[in-house]
Amino acid sequence: ASLHSQASQDTPMTLPPIELLSPAGDEACADAAIENGADAIYFGLDTGFNARARAKNFGLDDLDRLVAKLHRRSVRAYVTMNTLVFASELQDLTKTVERIAISGVDAILVQDLGVAKLVREICPQLHVHASTQMTMTCAETIAVAERLGLSRVVLARELSVAEVRKIRQATQMPLEVFIHGALCVAYSGQCLTSESLGGRSANRGQCAQACRLPYELVCDGEDRELGDVKYLLSPQDLAGYAQIPELIDAGVCSFKIEGRLKTPEYVANIT
């Protein structure tokens, strides 16, 4: 049985198998994930609606072949549609969702509650996962996702293991967490810095990664010497290997690697 079909029957005492979920910005990254043991990959489409527009991404015409290849290797396929969507884009969104459903992908990830509701109405057989950008920080927010018919939530990266455990005890929803990769300086990845500084919205897939730039520090009008410490806004990358046993015990079902802008070598090594 698939992870999704088990979800409604799961209790905190009978969790589904642990999934390792790897990123794929292009075909070579997808192959790297497959060959190095990923249980699932997530990827975006060049039709838009995904938060990594700068990745190479895949075309709609690639879907059937890619999904078939993944399923031959018993690897699940998740499509990211995790940006905010404007009303004028709903017609194109609907066509894209319908095409995704036909391809046989296992789920899509969304940020926009309206998109989640639309997908459940037009393609009720298509599983929907709540992106971390939906701000899944407590059991109450997860209850909203559950009422919308979502089948998994990606928890906010800021949560502690104790908070994850508390959420697990209050919901039967399958829980996914990030285990490795770049962290956003903004809460749940909902950054407005890129748009305010450069007119590129992170919630529309155009993040300029302003937090990753070197900065000078001026305090009370005086420059402060920083030495080698110049990346003042950038949190260091997450490396949560030591917490894996604790997170499994806390009830997590999927470990997610960040990195759709990374190379195939990176995907292979981290997977």
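For every chain, the first residue of the written sequence is number 1, and numbering continues from 1 onward in sequence order. Note on the predicted model: pLDDT of at least 70 is required for a residue's local features to be given, and 80 or more for side-chain atom pairs to be given and counted; whole-chain, interface and lining totals, by contrast, use all residues. No hydrogens and no water enter the side-chain calculation; it runs on all heavy atoms of the structure.

(A) Spatial organisation of empty space enclosed by the protein. We place a 1 Å grid over just the protein atoms. Points where a 1.4 Å probe fits but has no way out form a cavity, open points with protein on both sides within 12 Å along at least 5 of 7 lines form a pocket, and any residue with an atom within 4 Å of a point lines it. Grid points are joined across faces, edges and corners, and a volume is the space filled by probe spheres set on the points. A full pass over the atoms with the stated rule returns two cavities of 30 Å³ or more. In this structure, the second largest cavity spans a volume of roughly 40 Å³. A class-by-class count of the residues in the lining of the second largest cavity yields three nonpolar, two polar and two charged. Throughout, the ten residues Ala, Val, Leu, Ile, Met, Phe, Trp, Tyr, Cys and Pro are labelled nonpolar, Asp, Glu, Lys and Arg are labelled charged, and all others, Gly among them, are labelled polar.

(B) The arrangement of the pattern of salt bridges in detail. We define a salt bridge as a side-chain nitrogen of Lys or Arg found within 4 Å of a carboxyl oxygen belonging to Asp or Glu. Applying the stated criterion across every chain yields a total of 13 salt bridges. Two residues, K69 and D31, come together in a salt bridge whose shortest N-O distance is 2.7 Å. Here the residue K69 occupies a position in helix α3 (residues 63–72), and D31 occupies one in helix α2 (residues 27–35), the gap between them amounting to 38 residues. Residue D249 is joined to R165 by a salt bridge in which the shortest nitrogen-to-oxygen separation is 2.9 Å. In this pair, D249 is assigned in helix α9 (residues 244–250) and R165 in helix α7 (residues 161–170), connecting sequence segments 84 residues apart. Residue D249 is classed as exposed on the basis of its relative accessible area, which comes to 56%. Buried, partly exposed and exposed residues are distinguished by accessible area as a fraction of the type maximum, computed with a 1.4 Å probe on protein chains only: under 20%, between the cut-offs, and over 50%, respectively. Relative accessible area serves as the criterion here: at 28%, R165 is assigned to the partly exposed category. Secondary structure elements are taken from DSSP: a helix is a run of H or I of four residues or more, a strand is a run of E of two residues or more, and numbering for both begins at the N terminus.

(C) Just the pairing of strand β7 (residues 175–181), in detail. Within β7, seven of the seven residues are buried, leaving the element largely enclosed by the surrounding structure. Two strands pair under a simple rule: DSSP has to find at least two bridges between them. With two bridges joining them, strand β6 (residues 152–154) and β7 adopt parallel strand pairing. In the strand pairing of β7, V154 is matched with E176. Note that the unit made of β6, α7 and β7 has a crossover that is right-handed. Bridge analysis of β7 against strand β11 (residues 254–257) gives four bridges, and the strand direction is parallel. By the bridge assignment for β11, F178 is matched with K256. Every crossover in which the path from the first strand over the helix to the second runs clockwise, viewed with the strands pointing away from the viewer, is termed right-handed.

No statement about biological role is implied by the geometric values presented.
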